[in-house]
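# Results of the structural survey
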Amino acid sequence: MALGPESASAPATERVVISVDAMGGDRGPAAVVAGLADSVRSFPRLDAILHGDETTLRPLVARHPGLAGRVTIRHAERVVKMEDKPAQVMRHGQGTSMFATIDAVKDGEAAAAVSCGNTGALMAVSMLRLRKLPGLNRPAIASLFPTPTPGKMNVMLDMGADVKADPADLLQYAFMGASYARNGLAIVKPRVGLLNVGTEDHKGRAELHEAQALLARSAEAGSFSYIGFVEGTDILSDRVDVIVTDGFTGNVALKAIEGTARLVGDLLRQTLTSTLMAKLGAVLASGAFRRLQMRIDPRRVNGGVFLGLNGTVVKSHGSADATGISAAIGLAYQLAQVRFLERLAARVASAEAAGQDAAREEADRDAAGPATGGNPTE
């Protein structure tokens, strides 16, 4: 992940500690430890606190000599399961690896947290332990999507932190998403679009039209270019850098894109093995297929970032393997070492000020009453 121009990186000699939940993923702690070993090889300044059952983790860590001296194991007796309800975890989750992972960030021991666990529970625990940034209405989950341009990724938020979002929330999402694009993707002035059922100005719900007006008025304050409404076909395009939407729509779009990618992969494999000539063609094109797989492999952009909290939390996909977990830990490391949270807090404050200015303008217009037309010859 590139480092943005707005970033003020940590000193080159400073260690960056990431808190990792070893127990929440579908593939078990072995995949988490293997992914952590990959990350430690890639980032010489990265250290980790690994939370989970010590008797399980110690032999797994011992299999990777590169982790020696770089990882501290913290024993946690209990695990948050995928079927656990967020409210239940908030009340009774103390002593779980997820709670301990977030508490390490809260206590200042780690700069960011990574978990493969239950998304709803992780957001609930993160909200409970870290709290929201001052002035923020709702946090958001931001995810990255590939585009036709090699190396370019689009940011979309919210991906499901909250199914609702009013116009003021969408404005804050735009500011946070633009900050993520600047610091994480090196886009100096991100192009922000508001997801709608069409690009025409007359389409969509009244709340989207209100949000559009807010974003257009506040683009300069947020250091982004507002390009107006975008639609589903733009999510994977080069037309936009940041796509803003509510969590319900964003999560549906995310799952639809993931399902489409799996379907295309399955159909491609079926087609390339259907006849002898197809198999021969697949062998001849194997290099091109590997390059394509590298570009669209969701494991390599694994990690939804929880934006708007007093701490950086990266949610890895529950079914992620070592490659995917390594990508999520690498993302957490990159955001931590450029001190993204400090930048994000400043942007949230700017969004709040912009929203207050817009509200005052609206109140002034209401107080003034309807404009009275005059005779054009006067």
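Preceding block: the structure.
This report concerns the structure included in the present document. Sequence positions are assigned chain by chain, starting from 1 and proceeding in written order. A pLDDT threshold of at least 70 governs which residues receive local features in this predicted model, and a stricter bar of 80 or more applies before side-chain atom pairs are shown or counted, although totals over entire chains, interfaces and linings include all residues. Water and hydrogen atoms were dropped before computing side-chain values, which therefore reflect all heavy atoms in the structure.

The helix and strand inventory of the protein chain stands at twelve helices and eleven strands. Think of it in three bands: residues with accessible area under 20% of the maximum for their type are buried, residues over 50% are exposed, and the middle band is partly exposed, with areas taken using a 1.4 Å probe on protein chains only. Expressed as a percentage of the 378 residues in the protein chain, the buried residues total 49%. Only heavy atoms matter for contacts: two residues are in contact if any of them lie within 4.5 Å across the pair. Long-range pairs, those at least 24 residues apart, make up 74% of the contacts in the protein chain with a sequence separation of at least 6. Note on areas: these come from Shrake-Rupley sampling with a 1.4 Å probe, and a residue is covered only by the protein chains present in the view. Total accessible area computed for the protein chain in this model is approximately 17,600 Å², and 56% of it derives from carbon and sulfur atoms. Runs of H or I in DSSP of at least four residues are treated as helices and runs of E of at least two as strands, each being numbered from the N terminus.

Core analysis: the largest hydrophobic core is formed by 73 residues, its most contacted members being I18, L50 and Y180. The leading source of residues in this core is helix α6 (residues 167–185), at ten residues. The criterion is simple. A nonpolar core is a set of buried Ala, Val, Leu, Ile, Met, Phe, Trp, Tyr and Cys residues joined through side-chain atoms within 4.5 Å. By size, the runner-up hydrophobic cluster in this structure holds 29 residues, among which are A104, L122, V240 and L254.

Here we come to the sheet that holds strand β8 (residues 225–230). Two strands are said to pair when DSSP picks up at least two bridges between them. Ordered in space as β3-β2-β1-β4-β11-β10-β5-β6-β9-β7-β8, the eleven strands form an open sheet in which the pairing is mixed. Of all strands in the sheet, those bounded by a partner on one side alone are β3 (71–75) and β8. Geometrically, the sheet is characterised by an average inter-axis angle of 25 degrees between neighbouring strands, direction not taken into account. Note: strand β10 (residues 304–307) against strand β11 (residues 312–315), three bridges, orientation antiparallel. Residue pairing across strands places G304 opposite K315, the latter belonging to β11. Only the stretch in contact is used when fitting a helix axis, every axis being a line fitted to C-alpha atoms; angles between N-to-C directions are given from 0 to 180 degrees.

This part is about the packing of helix α4 (residues 97–106) against helix α5 (residues 119–130). For the pair α4 and α5, interaxial distance at closest approach is 10 Å and the crossing angle is 35 degrees. The two elements α4 and α5 meet at a crossing, and its hand is right-handed. Note on element contacts: α5 touches α4 through A121, L122, V125, S126, L128, R129 and L130, opposite M98, F99, I102, D103, V105 and K106. Tallied by class, residues from the contact of α4 with α5 come to nine nonpolar, one polar and three charged. Handedness of each helix crossing follows the sense of rotation of the near helix against the far helix: counterclockwise by less than a right angle gives left-handed, clockwise gives right-handed. Each residue is assigned to one of three groups, with Ala, Val, Leu, Ile, Met, Phe, Trp, Tyr, Cys and Pro labelled nonpolar, Asp, Glu, Lys and Arg labelled charged, and all others, Gly among them, labelled polar.

Moving on to the packing of aromatic side chains. In this scheme Phe, Tyr and Trp rings, the latter by its six-membered ring, pair at centre separations within 6.5 Å, and the angle between planes marks the pair as stacked below 30 degrees, edge-to-face above 60, and tilted otherwise. Tallied over the full model, the rule gives three aromatic pairs. Between F43 and Y333, the ring centres sit 4.5 Å apart and the planes meet at 35 degrees, which makes this aromatic pair tilted. With F43 in the loop between α1 (29–42) and β2 (46–52) and Y333 in helix α11 (residues 322–337), this pair connects stretches of sequence that are 290 residues apart. Judged by its relative accessible area of 5%, Y333 falls in the buried class. With centroids separated by 5.9 Å and ring planes inclined at 50 degrees, the aromatic side chains of Y180 and F340 adopt a geometry described as tilted. Residue Y180 is located in helix α6, and its partner F340 is located in helix α12 (residues 340–368); the two are separated by 160 residues in the primary sequence. An identical accessibility class is assigned to Y180 and F340; each is buried.

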